[in-house]
Amino acid sequence: MKVRLIKSWQTQLAYTIKSPYFERLSQFIRQEYGQFNCYPPEEEIFKSFELCPFERVRVVIIGQDPYHGPGQAHGLCFSVPAGIPHPPSLINILKELQQNTGKPYPKSGSLLPWAAQGVLLLNVTLSVRAGQAGSHQKQGWEKFTDVVIEKLSSNGTDLVFMLWGNYAKQKGRHIDREKHLVLETGHPSPLSANRGLWFGNKHFNQANAFLKAHGKSPIDW
């Protein structure tokens, strides 16, 4: 696996990407992509890091796995390329955003504009076998993303972490809540949303209020 990390992330993650567990993970990814159809495309596995340098991160949104359907995953959690139909969880995210901001529901499901503003769209597991949700879990990705969150918590200042659903909330143990704002709610999936655990969380408004209060520019969601 080719690790495509820009300099600022290489500096933060130099130790972990040279560790034995990460080499085992890399071997696993090479085998999986060599034998099976996997997502996202291998060159986009680290796209969230490429688009959002460490020093520019203001908000971190944590997802679980990449989408495992054709053409959906492109290295950013919850996002799909422009022109791809919106998956159910993304629909609920964009509906909540519409309620928060009053803006029209967007045509594109691409969250690239968020990444360009310093929103790190981080899946806990950065790859998946086609049609098999969770197939690349427990191979080392979770340890890698633990380190990412620990580095952001330790070396970042006044960040916003959005933890949606129990899987993401588990990452909260790596965040210093005295330094950063941690927003938690149910997962945006229809199952959670239909039980009243998603809509009305106002996370987008809360994030911007926190950023402005700490002298940072708000995100143009």
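All values reported here derive from a predicted model rather than from experimental measurement.

Draft legend 1. Looking closely at the packing of helix 1 (residues 7–17) against helix 6 (residues 141–155). Axis separation between helix 1 and helix 6 bottoms out at 10 Å; the angle between their running directions is 135°. By the angle class used here, helix 1 and helix 6 are oblique. For the crossing formed where helix 1 meets helix 6, the hand is right-handed. Touching Trp-9, Gln-12, Leu-13, Thr-16 and Ile-17 of helix 1 are Phe-144, Val-147, Val-148, Lys-151, Leu-152 and Asn-155, all from helix 6. Of the residues in the contact of helix 1 with helix 6, the class split is seven nonpolar, three polar and one charged.

Draft legend 2. Region of interest: the environment of Gly-165. Mapped onto the elements of the fold, Gly-165 is located in the loop between strand 5 (160–164) and helix 7 (166–169). What makes Gly-165 buried here is its relative accessible area of 6%. As for Gly-165 and Ile-175, which are separated by 10 residues in sequence, their C-alpha atoms are 16 Å apart. If near-sequence neighbours (up to four positions away) are discounted, Gly-165 is found in contact with Thr-185, Gly-186 and His-187.

Draft legend 3. Representation of the packing of helix 4 (residues 88–101) against helix 9 (residues 203–213). Taken N-terminus to C-terminus, the directions of helix 4 and helix 9 make an angle of 60°; their axes are 8 Å apart at the nearest point. In terms of orientation, helix 4 and helix 9 fall into the oblique class. Touching Ile-93, Glu-96, Leu-97 and Asn-100 of helix 4 are His-203, Phe-204 and Asn-205, all from helix 9.

Draft legend 4. Summary view of the nonpolar core. Residues Trp-9, Phe-46, Trp-141, Phe-144 and Leu-152 are the most contacted members of the largest nonpolar core, which totals 35 residues. Among the elements of the structure, helix 1, helix 2 (20–35), strand 2 (59–63), strand 3 (119–123), helix 6 and strand 5 are those that each provide at least two residues to this core. When neighbours within four sequence positions are excluded, Leu-152 is seen to be in contact with Trp-9, Phe-54, Val-57, Val-60, Leu-120, Leu-159, Phe-161 and His-180. Formed by 31 residues, the second largest nonpolar core is a distinct cluster that contains Val-80, Leu-121, Leu-211 and Ile-219.

Thresholds, definitions, all that
- Residues numbered from 1 in each chain as written.
- Predicted model: local features only at pLDDT ≥ 70, side-chain atom pairs only at ≥ 80, totals over all residues.
- Heavy atoms only, no water.
- Axes fitted to C-alpha atoms, helices over the stretch in contact; angles between N-to-C directions.
- Helix = DSSP H or I, 4+ residues; strand = E, 2+ residues; numbered from the N terminus.
- Parallel < 35°, antiparallel > 145°, perpendicular 65-115°, else oblique.
- Left-handed = near helix turned anticlockwise from the far one by under 90°.
- Contact = heavy atoms within 4.5 Å.
- Nonpolar A, V, L, I, M, F, W, Y, C, P; charged D, E, K, R; others polar.
- Buried < 20%, exposed > 50% of the residue type's maximum accessible area, 1.4 Å probe, protein only.
- Core = buried A, V, L, I, M, F, W, Y, C linked by side-chain atoms within 4.5 Å.

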